[in-house]
Amino acid sequence: MHPTDSSLLNRLGIAAPIIQAPMAGVSTPALAAAVSNAGGLGSLGIGAMNAEAAREAIRATRALTAGPFNVNLFCHEPAQSDSTREGAWLQYLASVFAEFGATPPASLREIYQSLRTDSAMVQMLVEERPAVVSFHFGLPGQEIVRMLHEAGIVLLACATSLAEARQIEAAGIDAIVAQGVEAGGHRGVFDPREFDEGLGTLALTRLLVRETGLPVIAAGGIMDGAGIAAALALGAHAAQLGTAFVPCPESAADEAYRSVLLSRAAPPTTMTRAISGRPARGLSNRFTALGLAAEAPGIPDYPIAYDAGKALHAAAKAQGSADFAAQWAGQAVALSRAMPAAELVRQLLLELDEAVAGLAQARPRPL
Ligand SMILES: Cc1cc2nc3c(=O)[nH]c(=O)nc-3n(C[C@H](O)[C@H](O)[C@H](O)COP(=O)(O)O)c2cc1C
């Protein structure tokens, strides 16, 4: 028996307080289904797909599990194109493209749409009715929230601050993902132009548990059962783990990404905007250094900058280099381990039980 109020888990239809984080480009139907079949909540990151590709991913997952799973979408403010800024950024990257015998694209595109403006995606979700839908980078409009709720879908949204959590509560969302600054991947901040306090998972989880009326799911830097126990002790109903699932054989991570995650010599993580246009935490490499350089020009809007980032990575990868890859990872990446996802869920639950038993023993006793 895990020390968690079961009401959110009941609503999500899961037995274990473990959510495999949605990871655009890394999570797969096989990964999500393996986690759901093991009693956790698997997730698909479909934020960078169009409605038809997303529908196929949902159907492929359904073919592998009868359990519930989560489908995650991006709700960022649609990008503002600025050809001067984009041109300067491409010029800045040109010498690195040249190193790999490539030229930068002539111009950059908004490579995927925000759910806020994607009516085909909303329609697809209403038709497919995944058990759970989660939002990153903000919220969709109230009409979309109403349509998804009417379709019987449980809704989650990511907050990095109390102010964002209050907006999530006001929008009638069912639970909040509290994403600490330790987390791998993109920070879920609603508006990247605003001041970001960078709250850690411990402070943020506790703040949201105490200050909002919604169930909280803790995310960021959680890699094992002891981390999950800590999240539950703070009052979270579940923990969401991303980095921990990247090395699973079911993920879409390429060989270079897997091996550096598991290497004891992995570089430290950095928060960077250079790869996509929004702050995201990943392993430091030549790309994150380019973003930090004093002479770096203004970075184009998200996801326009990602068009350049993906082209640069493709050019480098074609020449055998992973120096410009987006290797998203959280601060506790050194605790990564490689095992099939179902085995990882089982291992996490064993460790959670051990940690809970250890905590009970550690209780102060009368002298
Ligand atoms: C490779 C990777 C991709 C991610 N992509 C998404 C995404 O598409 N949508 C999302 O809401 N969160 C995404 N995240 C963030 C996770 O939801 C979560 O906040 C984070 O993984 C938690 O920190 P951890 O990596 O230390 O466990 C991603 C994280 C990683 C590591």
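Residues numbered from 1 in each chain as written. Predicted model: local features only at pLDDT ≥ 70, side-chain atom pairs only at ≥ 80, totals over all residues. Heavy atoms only, no water.

### Regarding the sheet that holds strand β1 (residues 18–20)
Strand order in the open sheet made by the 8 strands is β1-β9-β8-β6-β5-β4-β3-β2, with parallel pairing throughout. Every other strand in the sheet has two partners, leaving β1 and β2 (42–45) as the edge strands with one partner each. Across this sheet, the average inter-strand angle for adjacent strands is 25°, counted without regard to direction. Relative to strand β4 (residues 132–136), strand β3 (residues 69–74) runs parallel, the two sharing 5 bridges. Opposite V71, over in β4, you have V133 as the bridge partner. (Pairing = 2+ DSSP bridges. Helix = DSSP H or I, 4+ residues; strand = E, 2+ residues; numbered from the N terminus. Axes fitted to C-alpha atoms, helices over the stretch in contact; angles between N-to-C directions.)

### Quick word on the pattern of salt bridges
Counting across every chain of the model gives 17 salt bridges. Among the ionic pairs, R146 bridges to E143, the shortest N-O distance being 2.6 Å. Within this pair, R146 and its partner E143 are both found in helix α6 (residues 142–150), separated by 3 residues, close to a single helical turn. Assessed through its relative accessible area of 37%, R146 is described here as partly exposed. A salt bridge links R187 to D196; its shortest N-O distance comes to 2.6 Å. Taken together, the shared-partner salt bridges in this structure form one network comprising E52, R55, R59, R62, E127 and E128. (Salt bridge = Lys/Arg side-chain N within 4 Å of Asp/Glu carboxyl O. Buried < 20%, exposed > 50% of the residue type's maximum accessible area, 1.4 Å probe, protein only.)

### Considering unusual backbone geometry
Cis geometry is found at the peptide bond from Y302 to P303, where omega equals -5°. Checked against the element boundaries, P303 lands in the loop between α11 (286–292) and α12 (304–318). With a phi close to 70°, F137 is a non-glycine residue in the positive phi region. Along the chain, the position of F137 falls in the loop between β4 and α6. On the basis of relative accessible area, F137 is assigned to the buried category, the value being 0%.

### Quick notes on the packing of aromatic side chains
Note on aromatic pairs: each is described by the distance of the centres and the angle between the planes. Tallied over the entire structure, the rule returns 8 aromatic pairs. Judged by centre distance (5.9 Å) and plane angle (70°), the ring pair of Y112 and Y302 falls under edge-to-face. Of this pair, Y112 sits in the loop between α4 (83–99) and α5 (119–128) while Y302 sits in the loop between α11 and α12, placing them 190 residues apart in sequence. For the pair formed by Y112 and Y302, the shared burial category is buried. Ring pairs connect the aromatic residues F74, Y112, F137 and Y302, which therefore count as one cluster. The side chain of R278 reaches across the aromatic face of F137, ending 4.2 Å from its centre. Note that K310 overlies the ring of Y306, its terminal NZ or CZ placed 4.2 Å from the centroid. (Phe/Tyr/Trp six-rings, centres within 6.5 Å; stacked < 30°, edge-to-face > 60°. Lys NZ or Arg CZ within 6 Å of the ring centre and 35° of its normal.)

### Structural notes on the domain arrangement of the chain
By a frequent convention, interface size equals the accessible area lost on bringing the separate parts together. Structurally, the chain comprises domain 1 (1–78 + 113–253 + 338–367) and domain 2 (80–111 + 254–336). Computed from C-alpha coordinates alone, the two centres of domain 1 and domain 2 are separated by 25 Å. With 27 residues of domain 1 in contact, the opposing surface of domain 2 contributes 25 residues. With both sides pooled, the region where domain 1 packs onto domain 2 buries about 2,200 Å², and carbon together with sulfur makes up 58% of that total. The three residues of domain 1 that bury the most area against domain 2 are H186, M223 and A253, which together make up 25% of that side's buried surface. Seen at the junction of domain 1 and domain 2, the total is 0 salt bridges. Of the residues contributing to the side of domain 1 that touches domain 2, the split by class is 17 nonpolar, 7 polar and 3 charged. (Domains from an automatic or database assignment. Contact = heavy atoms within 4.5 Å. Buried area = accessible area lost by both parts, 1.4 Å probe. Nonpolar A, V, L, I, M, F, W, Y, C, P; charged D, E, K, R; others polar.)

### Let's talk about the pairing of β2
Neither face of β2 is left uncovered, since the one carrying G42 and L44 and the one carrying S43 and G45 both have all their residues buried. As defined by bridge partners, β2 adjoins β3 across 4 bridges and the pair is classed as parallel. In the sheet register, S43 faces β3, and the bridge partner there is N70. Considered for its hand, the β-α-β crossover made up of β2, helix α3 (residues 51–62) and β3 is right-handed. (Right-handed = clockwise from strand over helix to strand, strands pointing away.)

### Thoughts on the site of the ligand
Around the ligand sit 23 residues, and of these P22, N72, G221, G242 and T243 come closest. H136 places a polar side-chain atom, nitrogen or oxygen, 3.1 Å from an oxygen atom of the ligand. When the free accessible area of the ligand is taken as 600 Å², the share hidden by the protein chains comes to 97%. Only β3 and β9 (238–241) provide two or more residues apiece to the shell around the ligand. Looking at the shell around the ligand, its residues break down into 12 nonpolar, 11 polar and no charged. The residues that make up the shell around the ligand include at least three from each of domain 1 (1–78 + 113–253 + 338–367) and domain 2 (80–111 + 254–336). (Near = heavy atom within 4 Å. Polar contact = N/O pair within 3.5 Å; in protein donor to acceptor, adjacent residues only side chain to side chain. Areas by Shrake-Rupley, 256 points an atom, 1.4 Å probe, with all protein chains shown as cover.)

### Topic: the environment of C75
Take C75: it is sitting in the loop between β3 and α4. What makes C75 buried here is its relative accessible area of 0%. Sequence separation between C75 and L115 is 40 residues; the distance between their C-alpha atoms is 5.3 Å. Residues within four places of C75 in sequence aside, it is in contact with S114, L115, R116, F135, H136, F137, G138, L139 and P140.

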